[in-house]
Amino acid sequence: MHQGLEYRPHIDGMRAIAVGGVVLFHFGLTPLSGGFTGVDVFFVISGFLISKTLYRDVAAGDFSFADFYARRARRIVPAYVAVSLLSTLAAGLLLYPHALRDFAASLLASTVFASNIYFYFSANYFAPAAHELPLLHYWSLGVEEQFYLLFPPLLFAARRCTRRRVPLLLAVVAVASLLSGEMLLRFNPEAAFYLLPFRAFELLIGCLLALPGVRFPAQPRIANGAVLLGLALILGGMVALSERGPFPGTDALLPCAGAALVIWGADRVRTGAGARLLSLAPLRFVGRISYSLYLVHWPVASFGRHLFPFAEGWEFFLGGVATSLLFAVAIYALVEAPCRRWLGTAPRALVASTAGLAVLAALAGTILALGGFPQRVEARVLRMLTYVHYRPNEAFRTGTCFLGPRETAESLRSDLCLPARRPLAVLWGDSHAAHYYAGLEPLFAARGYALGQLTASGCPPLPGIAIPTRPNCAGFNDFALAEILRLKPQLVVMAGFWSVDPAWLEALEQALSRLEAAGIPAVVLGPGPVFRRSVPLILADRQRAGDRGVTSGDELSAGVVEEIDAAVQAVVTRVPGARYVPVLETICPQRQCPLAADHVPLFFDNAHLTAHGAQVFSRALIGRILP
C-alpha cells in the first residue's frame, strides 16, 4: 500500500522562492534578471520527491504504474484544467481570430503534454512575442511529464539488467544531457531550452539525490552550511543570470546545485538558520500554492498586457502580482486541494483527469476547426489582421541574403548578394537592415548603384560580439566585414537593432574605424520606431473603434529608442568618414510615426517594415543616405 512522503517544510519554502523568482521576473522586476531559473529549481525538487517515492515503492514491492500515473494526474491535472478553461474564456473574449487559433493550437499540444515541442517548432524570429502566448509557460509541464512518462519504465529496465549500476547509469545520462545541451547552445539554443533530452539532467539531479544510498548530513554545522550555500546559489543565479545569456547548459547548474544543496542539507537536520528561514509560515503558504501560482501568473501577464498595453512598470508589476496571488489562492482552495482528496483512488483520478484533458482537447479542436470564429470581426478588420501573419521572405531575401538563426555565412549566395557591378553599396546588418532592402534597392539603382546585401537574423553589424541566442552571428559578421574589406564598395549602409550596451557601442566604433582605415565610406542608420504592440493590431483596434488615424500616439516606445539613438549617433560622429542618419527624427517628427499608407500597414509587427513600409521609409531616407 503506497504511503506519502513525510512533509518537508523547507521544500515548500524553496518552492516559494522558486515561484517568486519566476513571477517577479515575468512581471518586470529588473534586479531579478535570472528569476526564470526558478523553473530549474522546481525541476530538481520534482525529481527528488517523485523518485524518492518511486524508489521506496519499488524496494517494497509496492510499485504500480497505474498508481504512479494516478498520483501525477491528481497533482497536475485539476489546476491545469481550471487555469486552461479560464484562459480559454479570456482568449475567446479578448483575442482576434488569428491569435485565438494560435492559442487553441498551444492548448491542444498541452493536453498531451507536448507544449515544449509545440513551442520549439513554432519558434522563429518573427513569431508572436512571448507575452502574446498565454500558455507559453506550459512548456515546463511538457518537459516534466515527458520525463515521468519515460523514467519509471526505463528505471525498471535498468534494474533488471544491472541493478547495482543504476546510480552510475543515471549519473552518466545526466552528464550526457548536460554536455549535449551545452554544445547545442552553440547552434540551436531553442532546442537546448525546450526539449527534454537537454533538460533531463535537472530532474536527474533530484533523482540522484533521492537514491537510497545517499547519506544526508547529521552534523548541524554541515547541514546548515549546505542550506545557506544552496540558497546563495539559487538567489545568486536569479540576480546574476540573464535571458540574454546562454541557457540552460552549464549555467543551469547554479540554480540546480543550489536546490540540491538545500535538499541535502535540510533533509535530516532542520534546526539551522537556513532550514528555519525556509520553514517560515509565509514561505510555506506560498510554497503550497506555488503550482497554482505558476500556472496562473503567465496568463495574467499575457492578458494583462492585452487589456492594459500602456500600464507603467510599477503599476503593471503590482497589479499583476496581486491578481496572480488572488487567482492562485482561489484555484488552490477551490480546485487543487479538494481534487487531491476527491480523486483519492487511482481509477477515479485517471478517469477524471482523462475526461478533463479530453474536454480541453475538444474545445481546442473546435476553435481550430472554426478558424477562431472570424465572424465576430468585421471584414475590413480581418483584412488588416492578415498582416499579423505577413511573411517577409521575399522582401528580406530570406535564405539567400538574409540568414535565419541556424544558418551560417556559407549559406549566403554571394553571386546574388554581392553584385559585380560598380559603383557598389552594401547593406549590412540584421533584420532591421534587411527590411530596408526592398525599398532601397530601386532607389539606389535609379542613382546608378548596385546594392548588395549581407544580413542575418538577430545579428547587428558588430564584429567581435558574441550573441548567445544567435551563435551564428560571430561567424557571419566576421565574414561580412572580410568581404566588404575585400570588395571595397563605394558605400556601406549599416543598420541593426542597436543597444546602449558599452561593448556593442565599442564594437560599432571599431567596425567603423576599420572601414575608415580601408577608405570605405559608411552610413549608419539609427534605430527606427519601436511600438508597444504589433502595428496591425493597433490599426485593427482603431478600425473597430471607428478611428481612422494612421499615425502613432502613445503606442511608440519613444524613450528607449531616443536613448539608443543618442548613444549610437555619438559613436558615429567620432569616426571620420562615417555619417549618421537619424531614422526616428526623419520619419517621426514630434514622435508621430506613420503606421499605414494607402490602407496598407507599414509594419507587420512592432518594429519590422512591410515591403510597402520599406518603400515609404526609403523614399524619406534616400536623400540623407546618398546626399
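This text gives an overview of the structure that appears in the document. Predicted, not measured: the structure shown is a model, and the values here were computed from it.

Cut-offs used in this document
Residues numbered from 1 in each chain as written. Predicted model: local features only at pLDDT ≥ 70, side-chain atom pairs only at ≥ 80, totals over all residues. Heavy atoms only, no water. Helix = DSSP H or I, 4+ residues; strand = E, 2+ residues; numbered from the N terminus. Contact = heavy atoms within 4.5 Å. Areas by Shrake-Rupley, 256 points an atom, 1.4 Å probe, with all protein chains shown as cover. Lys, Arg positive; Asp, Glu negative; His and termini not counted. Charge placed at Lys NZ, Arg CZ, Asp CG, Glu CD. Pairing = 2+ DSSP bridges. Axes fitted to C-alpha atoms, helices over the stretch in contact; angles between N-to-C directions. Salt bridge = Lys/Arg side-chain N within 4 Å of Asp/Glu carboxyl O. Buried < 20%, exposed > 50% of the residue type's maximum accessible area, 1.4 Å probe, protein only. Expected span 1.5 Å × (residues − 1). Bend = angle between axes of the 7 residues up to and from the residue. Polar contact = N/O pair within 3.5 Å; in protein donor to acceptor, adjacent residues only side chain to side chain. Parallel < 35°, antiparallel > 145°, perpendicular 65-115°, else oblique. Left-handed = near helix turned anticlockwise from the far one by under 90°. Nonpolar A, V, L, I, M, F, W, Y, C, P; charged D, E, K, R; others polar. Core = buried A, V, L, I, M, F, W, Y, C linked by side-chain atoms within 4.5 Å. Phe/Tyr/Trp six-rings, centres within 6.5 Å; stacked < 30°, edge-to-face > 60°. Lys NZ or Arg CZ within 6 Å of the ring centre and 35° of its normal. Disulfide = S-S within 2.5 Å.

Further remarks concern the overall build of the protein. Helices and strands together make up the secondary structure of the protein, namely 27 helices and eight strands. Seen through its C-alpha atoms, the protein measures out along the principal axes to roughly 85 × 55 × 45 Å. A separation of at least 24 residues holds for 80% of the contacts in the protein among residues at least 6 apart in sequence. For the protein, the accessible surface area stands at approximately 26400 Å², while carbon and sulfur atoms represent 63% of it. Taking the 52 positively charged and 42 negatively charged side chains of the protein as two groups, their mean positions are separated by 8 Å.

Turning next to the sheet that holds strand 3 (residues 450-456). An order of 1-3-2-4-5-6 is seen for the six strands of this open sheet, with the pairing classed as parallel. If you trace the sheet from one side to the other, it starts and ends with strand 1 (402-403) and strand 6 (578-581), each paired once. Here strand 1 pairs with strand 3 via two bridges, running parallel. Following the sheet pairing, Phe 402 is matched in strand 3 by Thr 455. Contacting strand 5 (522-525) and strand 6, helix 25 (residues 558-573) crosses the sheet at an angle of about 160° to strand 6.

Scanning the entire structure with this criterion turns up 21 salt bridges. Here Glu 562 and Arg 591 are joined by a salt bridge, their closest N and O atoms 2.7 Å apart. In this pair, Glu 562 is assigned in helix 25 and Arg 591 in the loop between helix 26 (583-587) and strand 7 (596-597), connecting sequence segments 29 residues apart. We classify Glu 562 as partly exposed; its relative accessible area is 31%. Looking at Arg 591, the relative accessible area reads 46%, which means it is partly exposed.

The next point concerns helix 3 (residues 65-94). With 30 residues, helix 3 ought to run about 44 Å at 1.5 Å a step, and its terminal C-alpha atoms sit 41 Å apart, in line with that. Of all the bends in helix 3, the greatest, near 35°, is centred on Val 77, and the proline Pro 78 appears no more than four residues after it. At the N-terminal end of helix 3, a side-chain oxygen is found 3.3 Å from the backbone nitrogen of Ala 66, two or three residues along, and the residue is Ser 64.

What follows covers the packing of helix 9 (residues 200-209) against helix 11 (residues 253-266). The description of two helices packed together rests on the angle between their axes and the distance between the axes. Closest axis-to-axis distance for the helix 9/helix 11 pair is 10 Å, and the angle between their directions is 20°. The angle between the axes of helix 9 and helix 11 places the two elements in the roughly parallel class. For the pair helix 9 and helix 11, the sense of crossing is right-handed. Along its contact with helix 9, which presents Phe 201, Glu 202, Ile 205 and Leu 209, the element helix 11 presents Leu 253, Cys 256, Ala 260, Ile 263 and Trp 264. In terms of residue class, the contact of helix 9 with helix 11 is built from eight nonpolar, no polar and one charged.

Moving on: the nonpolar core. By size, the foremost hydrophobic cluster in this structure holds 113 residues, and its most contacted members are Tyr 80, Phe 147 and Phe 151. What Tyr 80 contacts, discounting residues up to four positions off in sequence, is Leu 107, Ser 110, Thr 111, Tyr 138, Leu 141, Tyr 291, Leu 295, Leu 357 and Leu 360. Counting 47 residues, the second largest nonpolar core, distinct from the first, contains Leu 440, Leu 491, Leu 539 and Ala 540.

Applying the stated criterion to the full structure yields 29 aromatic pairs. Note on Phe 65 and Tyr 69: the rings are 6.4 Å apart at their centroids and 20° apart in plane angle, and the pair reads as stacked. Of this pair, Phe 65 and Tyr 69 both sit in helix 3, four residues apart, roughly one helical turn. With relative accessibility at 24%, the residue Tyr 69 sits in the partly exposed group. Ring centres 5.0 Å apart and planes at 65° place the aromatic pair Tyr 120 and Phe 121 in the edge-to-face group. Here the aromatic cluster, defined as three or more aromatic residues joined through ring pairs, consists of Phe 63, Phe 65, Phe 68, Tyr 69, Phe 147, Tyr 148, Phe 151 and Phe 156. The cationic tip of Arg 199 hangs over the ring face of Phe 193; the distance from NZ or CZ to the ring centre is 4.6 Å.

Glancing now at the state of the cysteines. In total, this model carries three disulfides according to the counting rule given. Disulfide partner of Cys 401: Cys 417, at an S-S distance of 2.1 Å. An S-S torsion of about -100° defines the bridge between Cys 401 and Cys 417 as left-handed. Of this pair, Cys 401 sits in the loop between helix 18 (393-396) and strand 1 while Cys 417 is found in helix 19 (residues 414-417), placing the two residues 16 residues apart along the sequence. Overall, the relative accessible area of 0% leaves Cys 417 in the buried class.

The topology assignment puts Ser 51 in helix 2 (residues 38-59). Within the local environment of Ser 51, its side chain forms a polar contact with the backbone oxygen of Gly 47, the two atoms lying 2.4 Å apart. Once residues lying within four places of it in the same chain are set aside, the contact partners of Ser 51 are Ser 46, Phe 151, Gly 206, Cys 207 and Ala 210.

Turning next to the environment of Cys 473. Along the chain, Cys 473 turns up in helix 22 (residues 473-487). Note on Cys 473: relative accessible area 0%, which makes it buried. Sequence spacing of Cys 473 and Leu 462 is 11 residues, and the spatial spacing of their C-alpha atoms is 8.8 Å. With sequence-adjacent residues up to four places away left out, Cys 473 is seen in contact with Ser 457, Gly 458, Cys 459 and Ile 467.

In terms of burial, strand 2 (residues 424-429) is largely enclosed, as six of its six residues are buried. What you see with strand 2 is no split at all: Leu 424, Val 426 and Trp 428 on one side and Ala 425, Leu 427 and Gly 429 on the other are buried throughout. As judged from the six bridges shared by strand 2 and strand 3, these two strands associate in the parallel manner. Pairing of Ala 425 across the sheet is with Leu 451, part of strand 3. Sheet analysis places strand 2 next to strand 4 (residues 491-495), joined by five bridges and oriented parallel. Paired with Val 426 across the two strands is Val 492, which belongs to strand 4.

As a rule of thumb, non-glycine residues mostly have phi less than zero, and peptide bonds are mostly trans rather than cis. In the segment running from Phe 247 into Pro 248, the intervening peptide bond is cis, with an omega of 10°. Within the fold, Pro 248 resides in the loop between helix 10 (220-240) and helix 11. The amide bond that connects Arg 422 to the next residue, Pro 423, takes the cis arrangement and shows omega of -5°. Positionally, Pro 423 belongs in the loop between helix 19 and strand 2.

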